Amino acid sequence: MYVKTFTVLPDTPEKLKHLNDLAYNLWFSWNPNALRLFEKLDPASWEESLQNPVRMLCIVPQEKLEAAAKNHHYLAELASVYDSFKLYMDENTWFERQYGKRNSPTIAYFSCEFGLHECLPVYSGGLGILAGDYMKSASDLGLPVVGVGLLYQQGYARQYLNAEGVQQGLYLENDWYSMPVELVKNTEGKPIIETIKLGKNTIYFQIWKVHVGRINIYLLDTNIEANAPAYRATTTRLYDSDRNTRIHQEILLGIGGVKALKAIGLNPMVYHVNEGHSALLLLERIRSLMHEKHLSFDEARELVWATTVFTTHTPVDAGNERFDSDLMHKHFDEYAKELGIKWDDFMALGRENPANAHEEFCMTVLALKLCAFANGVSKLHGQVSRKMWQKLYPDLPKAEIPILSITNGIHVQSWLNPALHELLCEGAGKVGNNELPDSAMWHKIDRVPDELIWESQNTSRLELVDFIREHVSWQLSRRSVGVTEMNRAKELFDPNILTIGFARRFAAYKRGNLFLRNPERLKKILTDPKRPVQMVIAGKAHPADHYGKEIIKQIFEYSKLPEFMDRIVFLEDYDIKIAKHLLQGADVWLNTPRRLLEASGTSGMKAAINGTLNLSILDGWWDEAYTPEVGFAIGHGEDYEDAETQDAIESDLLYGALEKEIVPMFYDRDEKGIPREWVKMIKNSIKMLGPEYNTHRMARDYVTNFYLSGENLHNKLSADNYADSKKFAEWHSKMLAEWHKIDIVKVESSAKEYVYKGMKLDVTACINLNGISPENVTCEVYHGPLDTKNNICIKKAEYVIMQIAGREEGLTIFRNQISCTRGGRYGFTIRVRPNYPDIPVRLLPGLIKWAM
């Protein structure tokens, strides 16, 4: 059938033309005044558009637009908001003040999902929300960053429960022409089309641009006529369960993403791999340097390694993407030839044990091997990651494995309750977009009277209850329930009682049903006639996660029991909008992961800044953030060998915390009806956690720890036709070939059987370098207290660099002193590591020699 296609644009009156600019920049997502402009045009159309400003302008009746164009009050408000937007876009930023202006983005941030606003559903959960928040802070701070991701035609599964409580998935088609994205076109006005190879086949993709304040995110899309149906489906669904489709997505994101940036004229210096899904960009950068700059594989690899950041987000083994050998060979046999390396060497890049031909190719391993800069997303997760991947760093002490920690954060303006924001402003005067994460700002919460804090909390809880009633009514209407049940929904929940929120992905390790372990005890807590409690639950299980679906079904079934019917509710189709209502309206935020399996967990940070107190296992961010002044802990950070025992103990601790601490504190009111201790903890939560756990701080950490070093190394290694890259590659290759020849022949010291605390010991090492220049090595005394097995305790170990003292009989002599600063059993040893100017990490895998 012949169909002539064209696009109908909104006929916005000239006086309202700035609405178009605002609608196509996600700046509106963290500026409530901008959103209110669209809602005021026509509340009915705003609801119909699902809070999507672009779609809103497409469907709002023309007479509403014409009326607004004649409304002086509306025009004044529009002018005010637009002036704020322009000021924001043009003002001098933190990054420019600190490090100077960049003419174009120097940092490329790759992520398979970005959670920016509910009107752009190309996200699933925590990883995407984190990436979206990070992009917003990058905009606020003026980082020279560009984002790269995929544009999913159906996004992630929309959730609904059937009458039995079984999760069902619904995939809706996204209409990009009524969403805040725009197609990237060339100078002739035609879409830019790029290609990638999938084995022997070619896949075509186009590029869409999303404006996020001052920065742009580019999203790749294969749903175009040039592709066969199977390849068009590459960008249909986020986290597709089909392994062929999944590897196509990761090839598109990593390899296609690098090509897309070049196609639009961008040449970043530093690349940031946000989780392993985009790790193939490392290989494409190497291939591109080889073919365009005529470097060898090793020479290109050294530059790529020195200028790439990798952030790992999961301590769960299954969360680290792996592909079997057959699938890899099908897609990368020709690609490996373009890289000039043997197939076994190609596969070795993604294997923990390169000699194991049966091991799958792991994207996390690839990233760790080819990125000089790597980090976990909380202090505890950094420790877990160093232990998890220590096989990749033989002979390195676990504490010195180069996987650092940069704790995640949240974008404050996106998640802070506007009413609470106003209270903060009343306590401190006018507040700018970039000031909120500063410590001084948050501490001004102490100036806000307890009465106003408690009034705000009560109002937020009332708004949450209203939202729950509305949302549950919508859920029930989809199931065509009777009038009685629909009427009950209108009176569901009590806005005056303690409300606990729990919302997250339903994976086994998150233990979403731990609170149900002892139903009788839970019943007593929830239905106490004098101190009642209610719980609102939300979250999705992955469409292929049957265990997660069973947990949701169990919660649903309990919520239908007479004793829990008015005390537990499950909200379907969890998204950013629902999250904001829960995080801003609940009194307590519950988190019960199995310890060491939660990398960070940012929902608790969002709760904290809104005065919603955390009740959580000491895992992820809460392990470092918790103090008794800011919230509640379940346990003391214990580790368990038996999961059943752990669940029994920690569920008991959960109930105990509610019975003995949380419920009594919440209901302990003074003569004015205010729970003073509870309000005190609200203030502590806001002022003590707000300054640290935000993406402004996180972005600054990435800049100072990684990005600036990456930029400097790029400039150095690429200068003079990549002369230093070639030199570094030659040096590294030589070291790998000759390192085994190093022999620590003799170690001497002034240590006796007993020494006194505070004494200094002379240490001498005689080393046969066997042709390696002394300038190419660093010799260190590694010392510290001993454990019960006479091993140096790596958590308390220190190292001292030794100085070259001369040569004797072909041996290089190194000397220095160590201080005995601790009493008890103590020891030292000698190690040799490589030394090269400006190397971004001290210890390189395969290049460390210990005294034997």
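> Go over the sheet that holds strand β24 (residues 798-801), please, and point to the residues and values.
Ordered in space as β24-β23-β27-β28, the four strands form an open sheet in which the pairing is antiparallel. The strands lining the two open edges of the sheet, one partner per strand, are β24 and β28 (849-850). Here four bridges tie strand β23 (residues 777-785) to β24, and the two strands are oriented antiparallel to one another. When the sheet's bridge partners are listed, Val781 is paired in β24 with Val800.

> Please give an account of a nonpolar patch on the surface that cites residues and values.
On the surface, Val755, Tyr756 and Met759 cluster together into a nonpolar patch covering about 310 Å² of accessible area. Position of Tyr756 among the secondary structure elements: in the loop between β21 (743-749) and β22 (760-768).

> Please provide a residue-by-residue account of the environment of Glu14, values included.
Assignment of secondary structure puts Glu14 in the segment before α1 (18-23). Taking the C-alpha atoms as reference points, Glu14 and Glu66, 52 residues apart in sequence, are found 9.9 Å from one another.

> Tell me about helix α5 (residues 62-69), and please be specific about residues and values.
Burial in α5 covers these residues: Leu65, Ala68 and Ala69. The buried residues of α5 all sit within an arc of 100 degrees when viewed along its axis, so they share a single face. Tucked inside the fold, the buried residues of α5 contact α2 (32-41), α4 (53-59) and α6 (72-90).

> Run through the pairing of strand β19 (residues 613-617), naming residues and quoting values.
Looking along a regular strand, one sees the side chains alternate between the two faces of the sheet. Burial runs high along β19: five of the five residues are buried. Where strand β18 (residues 588-591) meets β19, four bridges bridge the pair, whose relative direction is parallel. Bridge pairing in β19 links Asn591 to Ser616. At this point the chain moves from β18, through helix α25 (residues 603-609), to the parallel β19, and the crossover so formed is right-handed.

> Give a description of the packing of aromatic side chains that names residues and reports values.
The tally for this structure, following the rule as stated, stands at 36 aromatic pairs. Considering the side-chain rings of Tyr156 and Tyr239, the 6.4 Å spacing of their centres and the 85 degrees angle between planes classify their relative orientation as edge-to-face. Highlighted residues: Tyr156 in the loop between β2 (145-150) and β3 (158-161) and Tyr239 in the loop between α9 (229-232) and α10 (243-263), separated in sequence by 83 residues. Take Tyr239: its relative accessible area is 15%, and that puts it in the buried class. Directly above the ring of Trp474 sits Arg478, whose terminal nitrogen or CZ lies 4.1 Å from the centroid. Between Arg504 and the ring centre of Phe502, over which it is positioned, the NZ or CZ distance is 4.8 Å.

> Would you mind going over the side chain of Lys606 in detail, with residue names and values included?
Note on placement: Lys606 falls in helix α25. Buried charge Lys606 goes without a salt bridge, the closest partner of opposite sign being Asp133 at 5.0 Å. Ignoring anything within four residues of it in the chain, the contact list for Lys606 reads Ile129, Asp133, Ile410, Trp415 and Leu583.

> For the sheet that holds β19, give the residues involved together with the corresponding values.
Reading across from one edge, β17-β16-β15-β18-β19-β20 is the order of the six strands in this open sheet, with parallel pairing throughout. Every other strand in the sheet has two partners, leaving β17 (568-571) and β20 (631-634) as the edge strands with one partner each. In this sheet, neighbouring strand axes are inclined to one another by 20 degrees on average, regardless of whether the strands run parallel or antiparallel. In terms of strand pairing, strand β16 (residues 533-538) meets β17 through four bridges, oriented parallel. Its bridge partner being in β17, Ile537 is matched across the sheet by Phe570. Strands in contact with helix α22 (residues 519-526) are β16 and β17; relative to β16, the strand with the most contacts, it is inclined by about 115 degrees. The strands touched by helix α28 (residues 676-689) within the sheet are β15 (498-503), β18, β19 and β20, with β19 carrying the most contacts at an inclination of about 75 degrees.

> Outline the side chain of Thr612, listing residues and values.
Residue position: Thr612 is located in the loop between α25 and β19. At 2.8 Å, the side chain of Thr612 forms a polar contact with the backbone oxygen of Leu583. For Thr612, the side chain forms a polar contact with the main-chain oxygen of Ala586, separated by 2.8 Å.

About the cut-offs
- Numbers given for residues are sequential positions, taken from 1 along each chain in its written order.
- At least 70 in pLDDT is required for a residue's local features to be given in this predicted model, at least 80 for side-chain atom pairs to be given and counted, and no such filter applies to totals for whole chains, interfaces and linings, which use all residues.
- Hydrogens and waters are ignored; side-chain quantities use all the structure's heavy atoms.
- The rule for pairing is simple: two strands pair if DSSP sees at least two bridges between them.
- Under the DSSP-based scheme used, a helix requires at least four consecutive residues in state H or I and a strand at least two consecutive residues in state E, with every element numbered from the N terminus.
- For patch detection, residues must exceed 30% relative accessible area and be free of salt bridges, and they are connected within 9 Å for like charges or within 5 Å for nonpolar side chains (Val, Leu, Ile, Met, Phe, Trp, Tyr).
- Note on areas: these come from Shrake-Rupley sampling with a 1.4 Å probe, and a residue is covered only by the protein chains present in the view.
- Salt bridges are identified by distance alone: a Lys or Arg side-chain nitrogen within 4 Å of an Asp or Glu carboxyl oxygen.
- Partly exposed describes any residue whose relative accessible area lies between the buried limit of under 20% and the exposed limit of over 50%, with all areas from a 1.4 Å probe on protein chains only and scaled to the type maximum.
- The arc refers to the directions leading from the helix axis to the C-beta atoms.
- Here a residue-residue contact requires only that any non-hydrogen atoms of the pair lie within 4.5 Å.
- Assignment of crossover handedness uses the view with strands pointing away from the viewer, where a clockwise path from the first strand over the helix to the second indicates a right-handed crossover.
- Only Phe, Tyr and Trp rings are paired, with Trp represented by its six-membered ring, and only when their centres lie within 6.5 Å; those with planes under 30 degrees apart are stacked, over 60 edge-to-face, the remainder tilted.
- Charge-over-ring contacts are defined here by two conditions on Lys NZ or Arg CZ: a distance within 6 Å of the ring centre and an angle within 35 degrees of the ring normal.
- Under the convention used here, Asp and Glu are negative, Lys and Arg are positive, and both His and the chain ends fall outside the count.
- Here, axes are lines fitted to C-alpha atoms. For helices the fit covers the stretch in contact, and angles between N-to-C directions go from 0 to 180 degrees.
- Under the rule applied, a polar contact is a pair of N or O atoms within 3.5 Å (in protein, one hydrogen donor and one hydrogen acceptor; residues adjacent in sequence only if both atoms are side-chain atoms).

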